[in-house]
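Inside the fold
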Amino acid sequence: MSGKGQPPGSRLDEIADAAARAFRMLPAMPQDILPRGGAEARRPAHRITTAPDTVERDLIKLVLTLVELLRQLMERQALQRVDAGDLTEEQEERLGATLMILHSRMIELCSRYDLSMQDLNLDLGPLGTLLPPPE
């Protein structure tokens, strides 16, 4: 199916048909799935509400949440490398100092925008929270 030698309209029809087949294969939307316990109403998920006067703070909250998630992932990977003995003592010191600086900058940014680290932990409903609990 190279599409060569076919009129342009028929190639678009092929693409439209493929997209329609793909959409039919998608799972149902969460609002279409009834809870297991019966047909009682489901509690609405928490949503980020954005107003013109809080848009900067809301955007910072989203960005800081992603940065905190990446920071925690990097920290876990660093601990795995330290436990495996992959790093020299100097590399371990540098990595530890860098992660501590990043954590302190996160706290500074949160305080600047009147956020706490708990504010960055989004509730994903049945999946739990986005960030793991602090250790």
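Use the structure listed above.
All values derive from a computational prediction rather than experimental measurement. (Residues numbered from 1 in each chain as written. Predicted model: local features only at pLDDT ≥ 70, side-chain atom pairs only at ≥ 80, totals over all residues. Heavy atoms only, no water.)

1. Comments concerning the overall build of the protein
Applicable threshold: Strands here mean DSSP runs of E at least two residues long; helices mean DSSP runs of H or I at least four residues long; both are numbered from the N terminus. Relative accessible area decides the class of each residue, using a 1.4 Å probe on protein chains only: under 20% of the type maximum gives buried, over 50% gives exposed, and in between gives partly exposed. Pairs of residues are marked as contacts when any of their non-hydrogen atoms sit within 4.5 Å. Each accessible area value is a Shrake-Rupley result obtained with a 1.4 Å probe; residue values ignore everything except the protein chains displayed when judging cover.
If you tally the helices and strands in the protein, you get 3 helices and 0 strands. When the helices and strands of the protein are listed from N to C terminus, the series reads α-α-α. Classification of the 135 residues of the protein by burial places 11% in the buried group. Counted over contacts in the protein with a minimum sequence separation of 6, partners at least 24 positions apart contribute 56%. As displayed, the protein has an accessible area near 11,200 Å², and 60% of this comes from carbon and sulfur atoms.

2. Side note on a nonpolar patch on the surface
Rules: Residues qualify for a patch when their relative accessible area is over 30% and they have no salt bridge, like charges being joined within 9 Å and the nonpolar side chains of Val, Leu, Ile, Met, Phe, Trp and Tyr within 5 Å. The salt bridge definition used is simple: a Lys or Arg side-chain nitrogen within 4 Å of an Asp or Glu carboxyl oxygen.
A grouping of L59, L62, V63 and L66 is seen on the molecular surface, where their side chains present a nonpolar patch of about 350 Å² in accessible area. For L59, a relative accessible area of 54% corresponds to the exposed category.

3. Some details on the nonpolar core
Note the cut-off: Residues belong to one nonpolar core when they are buried, are Ala, Val, Leu, Ile, Met, Phe, Trp, Tyr or Cys, and are joined through side-chain atoms within 4.5 Å.
L64, M106, C110, Y113, L115, L120 and L131 together form the largest nonpolar core, which totals 7 residues. Apart from residues lying up to four places away in sequence, L115 is in contact with R57, I60, K61, L64, C110 and L120.

4. Some thoughts on helix α2 (residues 55–84)
To be explicit about the condition: Expected span of a helix, by definition, is 1.5 Å for each gap between consecutive residues, and there is one gap fewer than residues.
Counted at 1.5 Å a residue, the expected span for α2 with its 30 residues is 44 Å, and the 44 Å between its end C-alpha atoms agrees. In the core, the buried residues of α2 are packed alongside α3 (89–112). Backbone geometry just downstream of α2 places G85 in the positive-phi region, at approximately 80°.

5. Regarding the environment of Q91
Short version of the rule: Identification of polar contacts relies on pairs of N or O atoms within 3.5 Å, with a donor-acceptor requirement for protein atoms, meaning one able to donate a hydrogen and the other able to accept it, and with residues adjacent in sequence counted only if both atoms are side-chain atoms.
Topologically, Q91 is positioned in helix α3. Among the polar contacts listed, one links the side chain of Q91 to the backbone nitrogen of T88, at a separation of 2.9 Å.

6. Describing the pattern of salt bridges
The final tally for this structure, using the stated rule, is 4 salt bridges. Taking the shortest distance from any N to any O, the salt bridge between E68 and R71 comes out at 2.9 Å. In this pair, E68 and R71 are both assigned in helix α2, 3 residues apart and thus about one turn of the helix distant. As a salt-bridge pair, R94 and E90 come within 3.7 Å of each other at their nearest N and O atoms. With a gap of 4 residues between them, R94 and E90 both fall in helix α3, about one helical turn apart. This pair shows no difference in class: R94 is exposed, exactly as E90 is. Within this structure, E68, R71 and E75 form a network of salt bridges that share partners.

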